[in-house]
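Residue-level structure breakdown
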Amino acid sequence: MAHGTAAAGKAAHGRHAAGDGAVFLDALAGVAGMAAGVAGAVGAIEEAGRHAGRWTLRRARRHGWSPGGGRVVPTAARPAPRPAARPTTPGPGKGVPAGLERAVARVAAPWTHAVPGRAASGGGLLGRVHELDHRAFAWLAEHHVPWANRALPALSRSANHSRLWVVAAGSMALSGGRSGRRAALRGLGSVALASTVTNVVLKSWTRRPRPVIDLVPEVRRLARQPWTTSFPSGHAASAAAFATGVALESRSMGAAAGVLAGGVALSRVYTGVHYPGDVLAGAALGAGLAAVTLRWWPRRPVEAAFAPAPRVPVPLLADGDGLVVVVNASAGPEGEIAPRLRELLPLAKVVERGPGAEAGDSPDGARQPSDAAAEDPDGHPDAGSDLMAMLRQAASEAVVLGVAGGDGTINAAAKIALEYGRPLAVFPAGTLNHFAGDLGLQRLEDTARAVRAGEAVLVDVAEIARDRTFDFGPMSATEPEVFLNTFSIGVYPDLVRAREAMQGRIGKWPAMLVGLVAVLRDARPVKLRVNGRARSVWLLFLGNGAYAPPGFAPAYRPNLHDGLLDVRLVDAAKPAARTRLVAAVLSGTLGRSRVYEASTARAMRLTEIQAGAPLAVDGEVRPGASQLRIAKGRRLVVYRPAGARRA
């Protein structure tokens, strides 16, 4: 694998993060996979494997077994084969009984040249497998394709230290959207696991020598021959692990990665550095280890989250007549969303919130003092005019309210749609699009199809009341805040502010990772009462609907209409809570960890909240409150086409 591999912002009214509370939880689990997949960590793993291989070769020489070593020895210079003979008894003081040495040698016979008391090709089932492996290698060495004489050695070299897979993962992450990022992350995590098991563990145990490659034409040989032992093939294991990991997230990307992986596996035999059996075993091992990642990171279902159809049919707008769409231009590719919506729905009114308007607008439409660091609900500085005012104006004119943006923009639109009693058309145009992803809306075309067909569903909305308890509903004296995805209190809002302070200099995702390290190092727990019980927490996470998978990385919702809040809490009162939490995540035993609690509820009351503790609501940092009541409230009608699927 490749070599080479907070400052906090203001608390008051800091606005959008590039995701919701689930991003923090997903980041903790994901950072382990990404860190394992980066160049420096993987290079260290393979270096350990090389040292282990050299150590076993030295051990093999001391015990009288042929080390192989993968070096090309001229035929004329190679000594004639010795007749099979019993190994000599160790000299005085070596402490290895002759009987034990013979037993060990006989077990290792199929993978070495020295077989006590019989020919090298004999020795039971393993001996026959070994002989067939030699014959297959010799046959492949004698048959070659001219164009492959240069292509396959070059492909083999490109996979050294997993450079090929790091580049492929980077391409997927940059061009493949959300599914591409998941595929890249799982692929690199699978490679890290396969490389560790293969190079550090198994090669030290099997100690099989490399093939003698005199039969391989010189044009096909690698310039630098490997010095580690042969079984199993680390290159084949990494290649199969990457292709399988990617395929678990995206079939199309997995097919392309599989072609590359097959080429790398073939190249290891074609260049004479592995027997076919080494490659087959490595590929099987890598694919199996990639499947093991599902224990820590289950795959998302293809089907969109369940949500029932509303009892009253929604308006069918054939060409978008009666639809008013507010486009947050700062949330997506500048200048591309509005023209595309006009093409899809020519009679719809499209209002664009441009990136050049005044800063300082708050999410609820009230003017705030201008601040150079002010951000819109999707996390972009100086992003535009009053979003809430634009949404209210659009709702007053529209039969159907539309919105194009990220989760923060959609949160604001949902609040206005409930206020005016309008169905909502969500056009995904943000960075993460958690709500749209659960609905199965992956492209602008998906929502346009639903609007033209008059297809919609009914989804839950969670509501937050500050400072006092009252019945939720449209007749409430005090209008509550809403969230469609997640609410959290604890370290996640600190992570958002740290990321916002750095993302302008180093980019969004690097700032998230750097901020995570800083927050985990410097964070302090938050004290509050949860349903009357005094608690000290690192994180309190509430999801609008039960999230999956269970554990520390909630990623998606199977049901958007279950009437439940997903409650996950990291208890700071337990000794060494952070260390125990990380250990439980890595070992897959989080469900039995005493520092982590998970449950569901229909309502929750938070009181005596520590002063200065901010909140994160659908990825936006909001000012805190002394007490809050969170509950499921009204339901929202949202357009979704029949048969919608996740990415």
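Below you will find a few notes about this structure. (Residues numbered from 1 in each chain as written. Predicted model: local features only at pLDDT ≥ 70, side-chain atom pairs only at ≥ 80, totals over all residues. Heavy atoms only, no water.)

1. What to know about the overall build of the protein chain
For clarity, the threshold we go by: Runs of H or I in DSSP of at least four residues are treated as helices and runs of E of at least two as strands, each being numbered from the N terminus. Burial here depends on accessible area, computed with a 1.4 Å probe over protein chains only, as a share of the maximum for the residue type. Under 20% is buried, over 50% is exposed, and the range in between is partly exposed. Computed by Shrake-Rupley with a 1.4 Å probe, the accessible areas treat only the displayed protein chains as cover when residues are assessed.
Per the secondary structure count, the protein chain includes 18 helices and 15 strands. Buried residues in the protein chain amount to 52% of all 647 residues. Only carbon and sulfur atoms are counted for the fraction: they give 60% of the accessible area of the protein chain, which is about 27700 Å².

2. Description of the packing of helix H6 (residues 163-175) against helix H9 (residues 251-270)
Defined as follows: Fitted lines through C-alpha atoms give the axes, limited to the stretch in contact for helices. The angle between two N-to-C directions lies from 0 to 180 degrees. Each angle receives one of four descriptions, namely roughly parallel if under 35 degrees, roughly antiparallel if over 145, roughly perpendicular if within 65 to 115, and oblique otherwise. Here is the rule for handedness: rotate from the far helix to the near one, and if that takes an anticlockwise turn smaller than a right angle the crossing is left-handed, while a clockwise turn gives right-handed. Whether two residues are in contact is decided by their heavy atoms: any pair within 4.5 Å suffices. Only Asp, Glu, Lys and Arg are considered charged, only Ala, Val, Leu, Ile, Met, Phe, Trp, Tyr, Cys and Pro nonpolar, and every remaining residue, Gly among them, polar.
Two elements in contact, H6 and H9, have axes separated by 12 Å at closest approach and are oriented at 165°. Looking at the two axes, H6 sits roughly antiparallel to H9. The two elements H6 and H9 cross, and the hand of that crossing is right-handed. Judged by residue contacts, Leu-164, Trp-165 and Met-172 of H6 engage Met-253, Ala-257, Leu-260, Ala-261 and Val-264 from H9. Looking at the contact of H6 with H9, its residues break down into 8 nonpolar, no polar and no charged.

3. Here we look at the nonpolar core
The following threshold applies: We call a set of buried Ala, Val, Leu, Ile, Met, Phe, Trp, Tyr and Cys residues a nonpolar core when their side-chain atoms join them within 4.5 Å.
If you look at the biggest cluster of nonpolar residues, it comprises 34 residues, and the most contacted ones within it are Leu-391, Leu-424, Val-426, Val-459 and Leu-636. Elements with a minimum of two residues in this core: strand S1 (323-328), helix H12 (387-397), strand S3 (400-405), helix H13 (407-420), strand S4 (424-428), helix H14 (434-439), strand S5 (456-466) and strand S15 (628-639). The element that contributes the greatest number of residues to this core is H13, accounting for 7 residues. The next biggest cluster of nonpolar side chains, apart from the first, holds 24 residues, and it includes Ala-462, Ile-489, Val-537 and Met-604.

4. What about the environment of Ala-173?
The topology assignment puts Ala-173 in helix H6. Of the residues examined, Ala-173 reaches a relative accessible area of 29% and is grouped as partly exposed. As for Ala-173 and Ala-184, which are separated by 11 residues in sequence, their C-alpha atoms are 5.9 Å apart.

5. Topic: the packing of aromatic side chains
Within a pair of aromatic rings, the relevant descriptors are the distance that separates the centres and the angle that separates the planes. The following threshold applies: Working definition: a ring pair exists when centres of Phe, Tyr or Trp rings (six-membered ring for Trp) sit within 6.5 Å. Plane angles under 30 degrees give stacked, over 60 give edge-to-face, the rest tilted. Any Lys NZ or Arg CZ found within 6 Å of a ring centre and within 35 degrees of that ring's normal is scored as a charge over the ring.
For the coordinates displayed, the defined rule picks out 4 aromatic pairs. Centre to centre, the rings of Phe-541 and Tyr-547 are 5.8 Å apart; their planes meet at 75°, and the pair counts as edge-to-face. Sitting over the face of the ring of Tyr-270, Arg-220 holds its NZ or CZ atom 3.8 Å from the ring centroid.

6. Brief notes about the pattern of salt bridges
This is how it is decided: Salt bridges are counted wherever a side-chain nitrogen of Lys or Arg sits within 4 Å of a carboxyl oxygen of Asp or Glu.
In total, this model carries 23 salt bridges according to the counting rule given. Two residues, Lys-632 and Asp-460, come together in a salt bridge whose shortest N-O distance is 2.8 Å. With Lys-632 in strand S15 and Asp-460 in strand S5, the pair connects residues that are 172 residues apart, well separated along the chain. Like Asp-460, Lys-632 is buried. Of the charged contacts, one joins Arg-622 and Glu-620 as a salt bridge, the two residues approaching to 3.6 Å between their closest N and O atoms. An identical accessibility class is assigned to Arg-622 and Glu-620; each is buried. Overlapping salt bridges bring together Asp-460, Asp-562, Lys-632 and Arg-635 as one network.

7. Here's the deal with unusual backbone geometry
With omega at -10°, the peptide bond leading from Phe-231 into Pro-232 counts as cis. Within the element layout of this structure, Pro-232 appears in the loop between helix H7 (177-206) and helix H8 (234-249). A positive phi angle, near 55°, is found at His-161, a position not held by glycine. In this fold, His-161 is placed in the loop between helix H5 (148-158) and H6. Notably, Glu-608 is not glycine yet its phi reads approximately 50°, a positive angle. Within the secondary structure, Glu-608 is located in the loop between strand S12 (603-607) and strand S13 (615-617).

8. Observations concerning the pairing of strand S7 (residues 486-490)
Convention followed: Here, a strand pair is defined by DSSP locating no fewer than two bridges between the strands.
Among the 5 residues of S7, 5 are classified as buried, and the element is accordingly described as predominantly covered. Burial along S7 is two-sided: Thr-486, Ser-488 and Gly-490 and Phe-487 and Ile-489, pointing in opposite directions, are all buried. As defined by bridge partners, S7 adjoins strand S9 (residues 533-544) across 5 bridges and the pair is classed as antiparallel. In the sheet register, Ser-488 faces S9, and the bridge partner there is Phe-541. Judged from the 3 bridges that link them, S7 and S13 form a sheet pairing that is antiparallel.

9. Some remarks on the packing of helix H4 (residues 124-142) against helix H10 (residues 276-292)
The geometry of a pair of packed helices is captured by two quantities: the angle between their axes and the separation between those axes. At a minimum axis distance of 8 Å, the contact between H4 and H10 shows a crossing angle of 105°. Taken together, the axis directions place H4 and H10 in an arrangement best described as roughly perpendicular. Contacts between H4 and H10 involve Asp-133, Ala-136, Phe-137 and Leu-140 from the former and Pro-276, Gly-277 and Asp-278 from the latter. Here the contact of H4 with H10 is composed, by residue class, of 4 nonpolar, 1 polar and 2 charged.

10. Things to note about a positive patch on the surface
Operational definition: The residues that make up patches have over 30% relative accessible area and no salt bridge, and they are joined within 9 Å when like-charged or within 5 Å when they are Val, Leu, Ile, Met, Phe, Trp or Tyr. Note on charges: Lys and Arg go in the positive column, Asp and Glu in the negative column, and His and the chain ends are not counted at all. All charge positions are set by atom: Lys at NZ, Arg at CZ, Asp at CG, Glu at CD.
Taken together, Arg-533, Lys-574, Arg-580 and Arg-594 make up a surface patch of like positive charges. Looking at the secondary structure, you find Lys-574 in the loop between strand S10 (565-571) and helix H18 (577-587).

11. Observations regarding the environment of Val-537
Examined against the element boundaries, Val-537 turns out to sit in strand S9. Spatially, the C-alpha atom of Val-537 lies 9.5 Å from that of Val-595, the residues being 58 residues apart in sequence. Among all residues touching Val-537, those that are not within four sequence positions of it are Pro-525, Val-526, Leu-528, Leu-569, Val-570 and Ala-572.

12. As for H7
Applicable threshold: Here, expected helix span is obtained from the residue count minus one, scaled by 1.5 Å. In this analysis the local bend is the angle between axes fitted, respectively, to the seven residues ending at and the seven residues starting at the residue.
With 30 residues, H7 ought to run about 44 Å at 1.5 Å a step, and its terminal C-alpha atoms sit 42 Å apart, in line with that. Thr-198 marks the point of greatest bend in H7, at about 30°. Two residues or fewer past H7, Arg-207 is found with a positive phi of approximately 60°.

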